[in-house]
Amino acid sequence: MNRVRRGLAATVTLAVASMSLTACFEESSPHDAVRDFLVGWQSEDYDLAAGRTDGDRATVRKALSDAKVELDAASFRFKIKSISLNGDQSQADFHAEVDLGENNPLWAYDGMLPLRLVDGRWKVHWSPSVLHPQLKEGQRFAVSTDSNPRQSVLDRNNKPLQGPQFLYVVGVTPSTLGGQAEEVVEQLSEITGFAQDRLLSRIRSSPPKQFVQLANFGAVRYRALKDKIEQIPQLKTHKEEQPVAPDDPKDIVGKVSALTPEDEQKLGGPQRAGDSFGQSGLQRAYQNNLTGSTQTRVITLDLKTDNEVAQLKEWPGRTNVPVRTTIDKAKQSAADAAVAATETSALVAVDRSTGEILAVGTQGLNQEKDALAGRFPAGTAFSIVAADALIKARMNTKQRLACPAERTVGGARFVTASQVTGASPTFRDNFAKGCVTALASLARRVDAAALAKSAAAFGIGKDWRLPLKSFSGSLPKSFSGPLPTASDADKAMAIAGQNVEVSPLSMALVAGAIASGSWHAPVLVTEPKSPDPSAEVVSLAAPQPVPVDPKVRSALTAMMLAGAKSSRALAGHTGVHGVTAAGDSEKHMGWFVGWQGEVAIAVLTKNYDPAAVAGEFFSALRDSP
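Residues numbered from 1 in each chain as written. Predicted model: local features only at pLDDT ≥ 70, side-chain atom pairs only at ≥ 80, totals over all residues. Heavy atoms only, no water.

**Q** With reference to specific residues and values, describe the environment of A457.
**A** Assignment of secondary structure puts A457 in helix α16 (residues 448–457). On the accessibility criterion, A457 (23% relative accessible area) is partly exposed. Spatially, the C-alpha atoms of A457 and S518 are 9.2 Å apart, while their sequence positions differ by 61 residues. (Helix = DSSP H or I, 4+ residues; strand = E, 2+ residues; numbered from the N terminus. Buried < 20%, exposed > 50% of the residue type's maximum accessible area, 1.4 Å probe, protein only.)

Laid out in structure tokens, this is it:
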């Protein structure tokens, strides 16, 4: 497998500060020796480099080769800063950049090459300090790394949203391997598929006394490989507890696994095979925040004792931090309990005053892909938004409005399953009962631009994004632009929610807008402020709150109080506002959109009363400590 490497030029930069080399030297000049030595070192032509020194050729070749291995270096790059001449001695100052590979830092340092005239030819006077000013005889380079355990995803009260799970860390202590390093990594590579050259490089560049992590495994994979791993006696396995088993909302929190060789090649990021990697949800979106970056040190070691002699450079790494969400574990438990009796459902609860997502419960649906990002017909739940435009167009909520079983508007046929009976049903009655035919008949009372404006005010189609996939809703294209082309049939279908798509999240925010008096964009994560830039979804700046017209809010509050009165959402208690609405009739989907107290919700169900789910949720909230 190819290593992740920075592309560095393969030629030495021969820029010399404040001097000219055109005719200052004889045919054999210090410049020639410096140039050939650095070009040979950089291009791995160690014989060329060794030939321009006064040291033993084999010793120099080995020292240069060992330096690359000990640093696990992808490449070296040099720039000559100056050359000074003093009789038969000279000195060249150079700048070095060493790519430590695997997205480790670029190590830059300044070095010095002493030169001597040997039999009329300039040569680099060899000693280990040629490689680095602090490297002495009897010493070697090494790269020491240290990473922190993965941090947690937390709820709004700093309670973890995942439980402990054991990971199995397999590695070696280089000093115990003798000459068997290649044999060990060959066997481990055969078992795991991890790149043999990368495993070997980690071992050779690490301090010999330091445990070198080579691979992490979850419990299932470790059990499958355990017998084979134990047949390699040099390998040691450490059992570590990490917070990676997701609690509800599991799809939102996300899964964590060990990175496979295939993922490593595909991602090309700072992770390497065996590291813990967020596969989905917030674990993936905030991967780099949760894991941070490795502390890296370049050091020198005593060859006899393997003890550290000096630190040449340190990069502290980026501190990993927990991800704090707006989820409330108590409300999440209530949501999970509320949907438990259904086969297909989603419940999203938000704080009505902030848009913060408090709970996402699902049964038979995905919490991210369906509850936050699903695209479902709004049905008569959209009448909440349509009512904003109608009331602003002077529609009286007490106006009488028939609710026939069938009606045609602009050539579009509408049928209602919730016919409102009685001598004189009103707009308010038909809203509360979700009479499709009555609502559709109001198409000529409002223009398309007004409907589109009301939808935008309630966040439908707004350009907001969470760190996870989400959907704000959409109207047909005929409602867009300064001069919408929507026909009466288009408007009737929109008022009845038949050509409008929404998510449970977007409808929960609509309920929150009426409850609080302002629409608020959703919030899921409060810290860190922005996710990993390599995440699949990049957050946008949240739109500003949009106030609801006081007259509209007053009317809709009364209408939604009436809508909840005869529904199972009350569950024997007061203070519940909402509407039960038909959604996708072909799939037998239904909505409840409403609130109680500070919590606004949207419930979507299939073949089940959504108001009953809402009632279970509100009851669980009242019963919770």
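What follows continues from the structure just given.
**Q** Account for the environment of V446, naming residues and giving values.
**A** Looking at the element boundaries, V446 is found in the loop between α15 (436–440) and α16. As for V446 and R394, which are separated by 52 residues in sequence, their C-alpha atoms are 9.5 Å apart. With near-sequence residues (within four places) excluded, V446 lies in contact with A389, L390, L451, K491 and I495. (Contact = heavy atoms within 4.5 Å.)

**Q** Go over helix α3 (residues 57–71) with me, naming the residues and quoting the values.
**A** Across its 15 residues, α3 extends 22 Å between first and last C-alpha, which sits within 8% of the 21 Å expected from 1.5 Å per residue. Where α3 is concerned, the buried positions are V60, L64, A67, K68, E70 and L71. Downstream of α3 by one or two residues, D72 has phi in the positive range, about 50 degrees. (Expected span 1.5 Å × (residues − 1).)

**Q** Give me the nonpolar core: which residues, what numbers.
**A** Ranked by internal contacts, the top residues of the largest apolar core, which has 81 residues, are I357, I384, F427, L505, L524, W591 and V593. Every residue in contact with I357, bar those within four places of it in the chain, is listed here: T326, I327, A349, V350, L372, L466, L505, P522, V523 and L524. Judged by nonpolar contacts, the second largest core, of 37 residues, contains V34, W41, A73 and I83. (Core = buried A, V, L, I, M, F, W, Y, C linked by side-chain atoms within 4.5 Å.)

**Q** Summarise the sheet that holds strand β14 (residues 323–325); cite the residues concerned and give the values.
**A** Sheet architecture is open: 3 strands sit in the order β6-β14-β22, paired in mixed fashion. Each end of this open sheet is capped by a strand with a single partner; those strands are β6 (153–154) and β22 (525–527). Of the pairings in the sheet, the one linking β14 to β22 comprises 2 bridges and is antiparallel in character. Note that in β22 the partner of T325 across the bridge is V525. (Pairing = 2+ DSSP bridges.)

**Q** How would you summarise the packing of aromatic side chains if you had to cite specific residues and measurements?
**A** The relative placement of two aromatic rings is captured by the distance of their centres and the angle of their planes. Scanning the model with the defined rule gives 10 aromatic pairs in all. Between W41 and F76, the aromatic rings sit 5.4 Å apart at their centres with planes inclined by 40 degrees, giving tilted as the arrangement. Remark: F76 occurs in strand β1 (residues 75–86) and W41 occurs in helix α1 (residues 30–43); sequence separation between them is 35 residues. Exposure class is identical for W41 and F76. Each is buried. With 6.2 Å between their ring centres and 80 degrees between their planes, W107 and F141 make a pair best called edge-to-face. With a gap of 34 residues between them, W107 in strand β3 (residues 106–118) and F141 in strand β5 (residues 139–146) connect regions that are remote in the sequence. Pair check on accessibility: W107 and F141 agree, each one buried. (Phe/Tyr/Trp six-rings, centres within 6.5 Å; stacked < 30°, edge-to-face > 60°.)

**Q** Go over the packing of helix α18 (residues 504–516) against helix α19 (residues 550–565) with me, naming the residues and quoting the values.
**A** Two numbers describe how α18 lies on α19: the axes approach to 9 Å, and their chain directions differ by 115 degrees. Here α18 lies roughly perpendicular to α19, going by the angle between them. Considering how the two elements wind past one another, α18 and α19 form a crossing that is left-handed. When α18 is examined against α19, the residues I514, A515 and S516 are found in contact with a partner set consisting of R553, L556, T557 and M560. Split into classes, the residues belonging to the contact of α18 with α19 amount to 4 nonpolar, 2 polar and 1 charged. (Axes fitted to C-alpha atoms, helices over the stretch in contact; angles between N-to-C directions. Parallel < 35°, antiparallel > 145°, perpendicular 65-115°, else oblique. Left-handed = near helix turned anticlockwise from the far one by under 90°. Nonpolar A, V, L, I, M, F, W, Y, C, P; charged D, E, K, R; others polar.)

**Q** Tell me about the pairing of strand β24 (residues 576–582), and please be specific about residues and values.
**A** With respect to burial, β24 is a largely interior element, 5 of its 7 residues being buried. Strand direction decides the pairing type here: β24 and strand β25 (residues 589–596), joined by 7 bridges, are antiparallel. Looking across to β25, one finds that V579 is bridged to V593. Linking β24 back to β25 in an antiparallel pair, the connection comprises 6 residues, with H588 at a positive phi of about 60 degrees.

**Q** Mind laying out the pattern of salt bridges, listing which residues take part and the relevant values?
**A** In the structure shown here, the tally under the stated rule is 22 salt bridges. Between E356 and R156 there is a salt bridge, with its nearest N and O atoms 2.8 Å apart. Linking E356 in the loop between β15 (345–351) and β16 (357–363) with R156 in the loop between β6 and β7 (162–172), this pair joins segments that are 200 residues apart in sequence. Taking relative accessible area as the criterion, E356 reaches 17% and is therefore assigned buried. Close ionic contact of E406 with R413 constitutes a salt bridge, the shortest N to O distance being 3.0 Å. (Salt bridge = Lys/Arg side-chain N within 4 Å of Asp/Glu carboxyl O.)

**Q** Which residues make up unusual backbone geometry, and what values go with them?
**A** Residue P249 follows D248 across a cis peptide bond; omega there is 0 degrees. Among the secondary structure elements, P249 is positioned in the loop between β9 (236–246) and α7 (250–253). One non-glycine residue with positive phi stands out, namely D119, at about 55 degrees. You can see D119 is positioned in the loop between β3 and β4 (121–124). Backbone geometry at D306 places phi at a positive 65 degrees, although glycine is not the residue there.

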